[in-house]
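Structural features, examined
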Amino acid sequence: MTRQLSRADRLIHQFDTVLRTLVPHAAQPSRPSPATDIVDEPMNEAEREHAVGLMRINHTGEVCAQALYQGQGLTAKLADMREQMEQAAQEEIDHLAWCDARLQELHGHTSVLNPVFYAASFGLGAVAGAVGDRVSLGFVAATEEQVGKHLDDHLRQMPAGDRRSRKILEQMREDEAHHERWALEAGGARFPLPVKLGMRLMSKVMTKSVYRI
Ligand SMILES: [Fe+2]
Ligand SMILES: [Fe+2]
């Protein structure tokens, strides 16, 4: 039996998701981490620190993904694809929780800048959703494309000994490619190059700062 959600229900749900996204270790994955049963090779201190920096970037990327989906959810119509969108958002929660747990294993912490990037992505998602479904889905596709490039780069850079992080990134890579395909097939606009360049610049600012703090 389904029930129409009231405005208050929605607000409470939104607030709950914000907390689950921003409070460390609060997100609950629906799938076990791909790193389960994977054993690392020895790593030196510099390698561990590099792995922490990379996983912190990936974690913040997933915070942004959550915010983007939530911002869009608030304004977009997307009537036929709400279910798919919610499934994608759930997969992003898995990614968020896996990266968070891995950071803990590596004795690292999540970024102190997460609330800032959360707010910015939420705003962008809400604006895209308000403009229209084609733009909204196009934004998902362009974001996933960008995230995929990051993940490829991180898979190249990840210290060879860090087999657990690598396994997580590989599964994320697969999921993000799926999200991108879905958004394009559902009618997402392909963004022109200048917009993509703007997004790339923003992600540069994010990765440079979050690698350290
Ligand atoms: Fe993700
Ligand atoms: Fe994704």
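All of the points below concern the structure found in this document. Keep in mind it's a predicted model, so treat the numbers as computed, not measured. (Residues numbered from 1 in each chain as written. Chains lettered and ligands numbered in written order. Predicted model: local features only at pLDDT ≥ 70, side-chain atom pairs only at ≥ 80, totals over all residues. Heavy atoms only, no water.)

**Section: the coordination of the iron ion (ligand 2)**
To keep it simple, the criterion reads: Nitrogen, oxygen and sulfur within 2.8 Å of a metal are treated as its donors, or within 3.2 Å for sodium, potassium and calcium (Na, K, Ca); water is not counted, so a site can appear incomplete. Note on conventions: DSSP H or I runs of at least 4 residues are helices, E runs of at least 2 residues are strands, and numbering of each starts at the N terminus. Using a 1.4 Å probe on the protein chains alone, a residue whose accessible area is under 20% of its type maximum counts as buried, one over 50% counts as exposed, and one in between counts as partly exposed.
Only E92 (OE), E144 (OE), E144 (OE), E176 (OE) and H179 (ND1) from the protein reach the iron ion (ligand 2) as donors, at distances of 1.9 to 2.6 Å. Along the chain, the residues donating to the iron ion (ligand 2) are arranged with the sequence spacing E-x51-E-x31-E-x2-H. A separation of 3.8 Å is found between the iron ion (ligand 2) and the iron ion (ligand 1), both of which receive a donor from E92. Of this pair, E144 sits in helix α5 (residues 133-157) while H179 is found in helix α6 (residues 163-185), placing the two residues 35 residues apart along the sequence. Since its relative accessible area comes to 5%, E144 is described here as buried.

**Digging into the coordination of the iron ion (ligand 1)**
The protein atoms that coordinate the iron ion (ligand 1) are E62 (OE), E62 (OE), E92 (OE), H95 (ND1) and E176 (OE), at distances spanning 2.0 to 2.3 Å. We note that the donor set of the iron ion (ligand 1) lies within a single chain, spaced as E-x29-E-x2-H-x80-E.

**Quick notes on helix α4 (residues 114-131)**
A turn of α-helix holds 3.6 residues, and therefore any two residues three or four places apart point the same way. Here is the rule we go by: A helix is expected to reach a length of 1.5 Å times the quantity of its residues less one. The arc refers to the directions leading from the helix axis to the C-beta atoms. Contact definition: two residues touch when any of their heavy atoms are within 4.5 Å.
With 18 residues, α4 ought to run about 26 Å at 1.5 Å a step, and its terminal C-alpha atoms sit 26 Å apart, in line with that. Within the sequence span of α4, burial applies to N114, F117, Y118, S121, G125, A126, A128 and G129. Here the buried residues of α4 occupy an arc of 165° about the axis, which is enough to place them on one side. When the buried face of α4 is taken as reference, the exposed residues oriented beyond 90 degrees from it are V116, V127, A130 and V131. The inward-facing, buried residues of α4 contact α1 (7-22), α2 (45-75), α5 and α7 (193-212). Two residues or fewer past α4, G132 is found with a positive phi of approximately 155°.

**So, the packing of α1 against α4**
The criterion, for reference: Axes here refer to lines fitted to C-alpha atoms; in helices the fit is confined to the stretch in contact. Angles between the N-to-C directions go from 0 to 180 degrees. Any angle between 65 and 115 degrees counts as roughly perpendicular, while under 35 counts as roughly parallel, over 145 as roughly antiparallel, and the rest as oblique. Crossings are sorted by hand: turned counterclockwise from the far helix by less than a right angle, the near helix makes the crossing left-handed, and turned clockwise it makes it right-handed. Amino acid classes used here: Ala, Val, Leu, Ile, Met, Phe, Trp, Tyr, Cys and Pro are nonpolar; Asp, Glu, Lys and Arg are charged; the rest, including Gly, are polar.
Where α1 contacts α4, the two axes come as close as 11 Å, and the packing angle between them is 140°. Classified by the angle between their axes, α1 and α4 sit oblique to one another. Here α1 runs over α4; the crossing is right-handed. Across the interface between the two elements, Q14, V18, T21 and L22 of α1 pack against N114, P115, Y118 and F122 of α4. The residue makeup of the contact of α1 with α4, split by class, is five nonpolar, three polar and no charged.

**Things to note about unusual backbone geometry**
If you check the backbone angles, H25 has positive phi at about 65° while not being a glycine. As for its position among the elements, H25 is in the loop between α1 and α2. On the basis of relative accessibility, which here comes to 46%, the residue H25 falls in the partly exposed class. One non-glycine residue, H107, adopts positive backbone phi at about 60°. Along the chain, H107 falls in the loop between α3 (82-105) and α4. The exposure class of H107 is exposed, given its relative accessible area of 67%.

Shape descriptors only; they carry no functional weight alone.
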